[in-house]
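Coordinate analysis (summary)
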Amino acid sequence: LSLSLSLSVRRKRKLGFTMRGYTFYQRASRAFHDYPSLSKFLVIFTVSSGNLLAFSDAKPFHGAYADGVQADRKKKRVVVLGTGWAGTSFLKNLKDPSYDVQVVSPRNYFAFTPLLPSVTIGTVEARSIVEPIRNIVRKKGFDVQFREAECLRIDAKNKKVYCQSSQESNLGGREEFTVDYDYLVIAMGARSNTFNTPGVVENCLFLKEVEDAQRIRRTVIDCFERASLPSVSEEERKKILHFVVVGGGPTGVEFAAELHDFVVEDLAKLYPTVKDHVKITLLEAGDHILNMFDKRITAFAEEKFQRDGISVKTGSMVVKVTDKEISTKERKTGETLSIPYGMVVWSTGIGTRPVVMDFMKQIGQTNRRVLATDEWLRVEGCDSIYALGDCATINQRRVMEDIAEIFSKSDKNKSGTLNLKDFGEVMNDICERYPQVELYLKKKKLKNFAALLKNSQGNVQKESTKLDIEGFKSALSEVDSQMKNLPATAQVAAQQGTYLANCFNRMEECEKYPEGPVRFRALGRHRFHPFRYKHLGQFAPLGGEQAAAQLPGDWVSIGHSTQWLWYSVYASKLVSWRTRMLVISDWGRRFVFGRDSSRI
């Protein structure tokens, strides 16, 4: 009897434990079903080995504000052309649900272009650096429509954009349609600039898009495979394995370094019979490569390339490219040389796209290289059209153009003379409206605008000393010499997209309560603060796990530690956790197994 009772108790305990486990499983299953973000948190928590991470899961907002107030009025349509750095940054930071957003682009993804040189030789896979644009916009708290199409023409007068689908013709032909807009954001980027050099388009490869990087990767493998054929002569083998890079900027230098690493670390083992015939030549029309960097970085890069066996030819301007040779003109001697090659990569700057050039003709900007905008990224002459990124440049207004209006605005009692106290109310507005003033102050090591006036030929020594219009002109006569165009980089485009999105988010608020500087030629203030670019530094990977960095404050770092800093920064700047994990895994795979040399 006691044995029977003991067995009965054990069965009940076991059954109770089973039921409790089943109940826990039911509760856990219901929790994951009701709260899908819990599973994402668990995965991230596990990957991070239990470390604390910031996590958010965006949900569409369907509250009373979205369904009630906004439904009572017609939404203004914002059309965004392009899904590059500028367009994607704008879309990610746009939070106001009162807009009907339409995105038009021939590419349905965003590409992390700084890693394109790594894609060319398999350090990183192409799909690791792209994020579908629909993944980005679906996280918004409101509906964003995407159209995979190419913009053919912009009709600024009727506020229409004419588009054509970019799908293949076997799907029923290319569809054409129009999109109306209230606000248009042009963020179409740029194309490679050939400078009208004969034969470049027909015979050179470019490095602007993901497809370009994949094409280069296939061509490199093709060159090695062809050079390995037994019927190829020694002279032909040298020609096939001669890789020429035109352009000594960051992209050209990084690609040459990546290609050298690929050849030395991977292809030399797979193609031992032809490895000694490989030659890499970097052509630059200027005096030095990386001329936008600090001189210390330029010197180190040139010395390193010389040690690595990469031939750097400065002062060489390409005048013609055929299917077998590339012709250069030496600036010092005027001599024309012909260089046989197996592959040429053209990386010499950017040019304006045809659709943007056509639009510039419509609005009277035919004499410009790119679209001109004001300091608020608004296209000059078009109140409802904005342009940002590589397709546009800010046409900064000169101080001397408004010198009389600035003086008049400060001279409230109309006496014709001013002292430092009179300038007190507009000093900050002057520095904000005309950023060249601040640059000039830094160059001259002056503390503020008042110090500039005091320093000007001893005109103003005391606050009570008077300054007339001629003295004011003399003080600011050299300020406009500090005006510079912003570089066409991903960093500039991303900051412009963020700035414009913030302006759109506060459009109504700033209409009522303007926050910008004083209007010197009109009454009141500007709606927004003007765009200001903040330079965060720049990198130049140089191969061999070494890189150079130039950071704010004239801080220069070169070497292996800088390469790891490059890894960290680029990983953090990737657009999503998905691409972040893919790129980091690609880097790890390369360290362990090397780069893949398959031609796919």
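Conventions and cut-offs
Residues numbered from 1 in each chain as written. Predicted model: local features only at pLDDT ≥ 70, side-chain atom pairs only at ≥ 80, totals over all residues. Heavy atoms only, no water. Core = buried A, V, L, I, M, F, W, Y, C linked by side-chain atoms within 4.5 Å. Buried < 20%, exposed > 50% of the residue type's maximum accessible area, 1.4 Å probe, protein only. Domains from an automatic or database assignment. Contact = heavy atoms within 4.5 Å. Helix = DSSP H or I, 4+ residues; strand = E, 2+ residues; numbered from the N terminus. Arc of directions from axis to C-beta. Pairing = 2+ DSSP bridges. Axes fitted to C-alpha atoms, helices over the stretch in contact; angles between N-to-C directions.

**Here's the deal with the nonpolar core**
The biggest cluster of nonpolar side chains holds 63 residues, and the ones touching the most others in it are Leu115, Ile129, Val220, Phe224, Phe243, Met343 and Trp587. Viewed by domain, this core spans two of them, domain 1 (74–190 + 352–396 + 485–534) and domain 2 (205–351 + 536–593), each represented by three or more residues. Those residues within four positions of Leu115 in sequence are excluded, and the remaining contacts are Ile129, Trp566, Tyr570, Leu574, Val583 and Trp587. Ranked by size, the runner-up nonpolar core spans 35 residues in total, among them Tyr183, Val185, Trp376 and Phe531.

**Description of the side chain of Ser118**
Summarising the element assignment, Ser118 is placed in helix H5 (residues 116–120). Residue Ser118 is classed as buried on the basis of its relative accessible area of 1%. For Ser118, the contacting residues outside a window of four places in its chain are Thr123, Val124, Glu254, Glu258 and Trp566.

**Quick word on helix H12 (residues 354–362)**
Along H12, the residues classified as buried are Val355, Val356, Phe359 and Met360. The buried residues of H12 occupy one face: seen down the axis, they fall within an arc of 140°. Along H12, exposed side chains directed more than 90 degrees from the buried face belong to Pro354 and Lys361. Of the residues one or two after H12, Gly364 is the one with positive phi, at around 80°.

**Some words on the sheet that holds strand E7 (residues 176–180)**
Taking strand neighbours across the sheet as the criterion, the seven strands line up as E7-E6-E5-E2-E1-E8-E20 in an open arrangement whose pairing is mixed. Two strands bound the open sheet, and with one partner strand each, they are E7 and strand E20 (385–387). Within the sheet, the average angular offset between the axes of one strand and its neighbour, ignoring direction, is 35°. As judged from the three bridges shared by strand E8 (residues 183–186) and E20, these two strands associate in the parallel manner.

So far we have only geometry, and geometry alone does not tell us how the molecule works.
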